[in-house]
Amino acid sequence: MFEQLQFTYFLAFVTFLMVGVMNVVKKNTTLVLAYFFQSFALVVLLSIQAFQQRSIELFVITMILFTVKAVVAPRMFNRIIRKSKLNISTSTFLNVPMTLGALVLLCLFANSEVFSPLKELLPHVPNISAVLIGSIFMSFFLTFNRKSALSQLMGVLSLENCIFVISRFLGIHELLFLEIGLLFDVFFWIIVASTFAHMIYRHYGSFEITKMQSLKK
Amino acid sequence: MEIEILLVTPILAALGIFLFGKKSAIVNAISVVAATIELIVSISIALHVADLKFVGFTSFFAFNGLGALLLLVVALIGFFVTVHATGYLEAEREKNMLGVKRIKECFILLRFFLLFMFVVLCAQSPIMTWIAIEATTLTTVFLVSLFNRDADIEAAWKYLIINSTGLLFGLLGMFLFLAQGNGLSTTWADLIAQTSHMNPLLTKFAFAFVFLGYATKMGIVPMHTWKPDAYNKAPLPIVALLSGALLNVSFFGLLRFSTIVDIVVGHMFVQSIFMFFGALSVVLAGFAIYTQINYKRLLAYHSVEHAGIIMLGMGFGGIGIFGALLHMIYYALSKALLALASSNIALKYSTSEIHEVKGLVRALPVTSILYAIGFFVLMGIAPSGIFFSELYILLAGFGSNLWIALLMLATIILVFVGFIRHFFDMFFGEVPEGISVGERSWIQFVPGIILTTIILILGVCAPSIFGPLLTQSVAQLKGIMP
């Protein structure tokens, strides 16, 4: 039991760490790799729950989640990167030291008393709420700090991963068709967002959102 | 049986357009037939709900009073938008802005957009509500970028990222609500039944996240930044739906949670949030309207302002709730009228800059009258419906929070002055060179004339026509009725 708890802590920490990595890496392929590891951590977390509860429904959801988040999405993003030959990611609005400073501040805020009510929801896993809330803030920061449309897309997906991890710790179980509905929504979001990322590249010749100035004109 | 027909019709219509829509005439015919069926079924559902009959399908789809009321509004706007869009898109095709394939895609997405709004209104599960709301983003994002120009893609991307991020926070809030029960809540009723176990502090926390999500979708300040760009670039018939229908549907999702919070922590918490963000939206939008130079963005800020007014009505409580409900109906219909009339202006002048639109009265005689009526109804000129709804809200405000009510009144006056300024700029003067005089086709103004007639009738009779549904809605929002 203790080892299992340690392992779930470890998975939550992987989620957290990967958001940190996503915030500082330069290469787009590394960004996608970090997203893959984060998604994989979520899949493992879900598999453990499916195994513990001997739940076929959870197992089905795990399989769909694995397909959507760990197989389809990374492959799709890698294909966009290959096609556009833009392996090196664009810069951030804040430089690396400032970004790290902002991440530390966000983590401190997540660990502050403001979010203490959330600890009550997770009495069996103390302090995990700070890690999870910190991951959410860092994902949000990723969405708006990097100048690449692809990074923004990964920021939203990372935010989604973090929220899914929280839902697992909170013990949310919905009916199978609702969970599948939620994952289909995620799947279509990935398709739509990838299509738009591709369209941005076609129209602007880059993923850089700073080059998107047509609305200002 | 009605809910099944309501939910299946858009799917069959989209399938029909996909399979047989080789010519735009077939696409138009299928779309108009589907919109007519949806409207008839919606009227039937509203009548049954008004008679306190249960209208549901399994335990996951059922209409309450407010849901049925908004369904009627959404289906009505959906019908007029569909009919108007047939002419509008055909005109854009003649200008080589779109091909038949794109028109086909537009009508398929339009049907799915309406379908997901119907689902939000009847979904009995919080997760299903969230899925449907998110699905409206996914369908409309392609509608925003329909013309596929650089700026359209930019606006659509902004719309997608901001709304999706906001809604993810909404999802987090929803999980925090569900986790306070037994984690197995599948319906709104389950969630309400578990309110006695909920922690007040956590509930406030959860609602803050939910508010962030749904208010982003509504375009409440400061989460409104996607709205001016999306409205500026989306085809105007779609703006009619985004503004008139989707705003109300998103607020409906938020109100579902607010009733739960009211039970757990009392009315004051939600009312304070609604008053603060409502006032912020009204004031900022008021100034933006006054200084606006683009009539499409004007529609966007007007939408922000009215979202704020509706929120203020709910925040003031008492008769303000009744006023806010009336405002949701009147605003949705009159905004749809203004957007449809604006689409004719955009087609004629091929610009969205106010200073480039001159001599509207001569260039588009019927449209200009419709635009003026929409204009003055939205301004709340007596005896329009919005005059009464704003009066109810202000009266509630004077009793609840005098300063915010005065602020709202001052902003309404500012918006009126700003609007009048734009009105004279656009309506009078010489028609610019190269702009032909006269309406393009009857299909572009007949839906507007019928909609105007409905708005004027409802302006006086809405409380009696919608009486039972309004009474049920107020009771539900006050937690008296399930």
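Residues numbered from 1 in each chain as written. Chains lettered and ligands numbered in written order. Predicted model: local features only at pLDDT ≥ 70, side-chain atom pairs only at ≥ 80, totals over all residues.

**Concerning the overall build of chain B**
Heads up, the rule is: Only DSSP runs of H or I reaching four residues or more are called helices, and only runs of E reaching two or more are called strands; each is numbered from the N terminus. The size measure is the radius of gyration over C-alpha atoms, and the globule rule it meets is 2.2 Å times the number of residues to the 0.38 power. Put simply, a residue is buried when 20 or more other C-beta atoms lie within 10 Å of its own C-beta and exposed when 12 or fewer do; between those, it is partly exposed, and each C-beta is set from the backbone. A pair of residues counts as a contact when their C-beta atoms, built from backbone coordinates, are within 7 Å of each other.
From N to C terminus, chain B includes 19 helices and 2 strands. For a compact globule of 482 residues, the expected C-alpha radius of gyration is about 23 Å, and chain B comes in at 21 Å, within 12% of that figure. Its C-alpha atoms give chain B principal-axis dimensions of roughly 70 × 55 × 40 Å. Taken across its 482 residues, chain B has 60% of its residues classed as buried. Counting contacts in chain B only where the partners sit at least 6 residues apart, residues at least 24 apart contribute 80% of the total.

**Re the packing of helix H4 (residues 100-122) of chain B against helix H5 (residues 126-144) of chain B**
All names here are of chain B. Stated formally: With axes taken as lines fitted to C-alpha atoms, and helix axes fitted only over the stretch in contact, angles between N-to-C directions fall between 0 and 180 degrees. Oblique is the label for every angle not falling under 35 degrees (roughly parallel), over 145 degrees (roughly antiparallel), or within 65 to 115 degrees (roughly perpendicular). Left-handed describes a crossing in which the near helix is turned anticlockwise from the far one by less than a right angle; the clockwise case is right-handed. Three classes are used, and their members are as follows: Ala, Val, Leu, Ile, Met, Phe, Trp, Tyr, Cys and Pro are nonpolar, Asp, Glu, Lys and Arg are charged, and the others, Gly among them, are polar.
Contact geometry for H4 and H5: axes closest at 8 Å, N-to-C directions at 160 degrees. In this view, H4 runs roughly antiparallel relative to H5, as classed from their interaxial angle. Remark: the crossing between H4 and H5 carries left-handed chirality. Along its contact with H4, which presents Cys 106, Leu 109, Phe 112, Phe 113, Phe 116, Met 117, Val 119 and Val 120, the element H5 presents Met 128, Thr 129, Ala 132, Ile 133, Ala 135, Thr 136, Thr 139, Thr 140, Phe 142 and Leu 143. Considered class by class, the residues forming the contact of H4 with H5 number 14 nonpolar, 4 polar and no charged.

**Description of helix H12 (residues 295-316) of chain B**
Residues three or four positions apart in an α-helix share a direction because the helix packs 3.6 residues into each turn. All names here are of chain B. The test is simple: One less than the number of residues in a helix, times 1.5 Å, gives the span that helix is expected to have.
Compared with an ideal rise of 1.5 Å per residue, which puts 22 residues at 32 Å, H12 spans 31 Å between its outermost C-alpha atoms and is within 8% of the ideal. Burial of H12 is extensive: 21 of the 22 residues sit out of reach of the surface. Just downstream of H12, Gly 317 is the residue with a positive phi angle, here 75 degrees.

**Some thoughts on the interface of chain B and chain A**
On the chain A side, the residues contacting the 33 residues of chain B number 34 residues. In terms of residue count, helix H6 (residues 150-180) of chain B provides more of the side of chain B that touches chain A than any other element does, 17 residues in total. Per-class residue counts for the side of chain B that touches chain A are 23 nonpolar, 6 polar and 4 charged.

**Details of the nonpolar core**
All names here are of chain B. Applicable threshold: We define the nonpolar core as any set of buried residues of the types Ala, Val, Leu, Ile, Met, Phe, Trp, Tyr and Cys, connected via C-beta atoms lying within 7 Å of each other.
Grouped together as the largest cluster of nonpolar side chains are 252 residues, with contacts concentrated most on Leu 71, Val 73, Ile 77, Met 117, Phe 175, Leu 312 and Ala 336. With 20 residues, the top contributor of residues to this core is helix H13 (residues 319-349). Sequence-distant contacts of Ala 336, that is, excluding residues within four places in its chain, are made with Ile 77, Phe 80, Val 81, Ala 240, Gly 244 and Leu 451.

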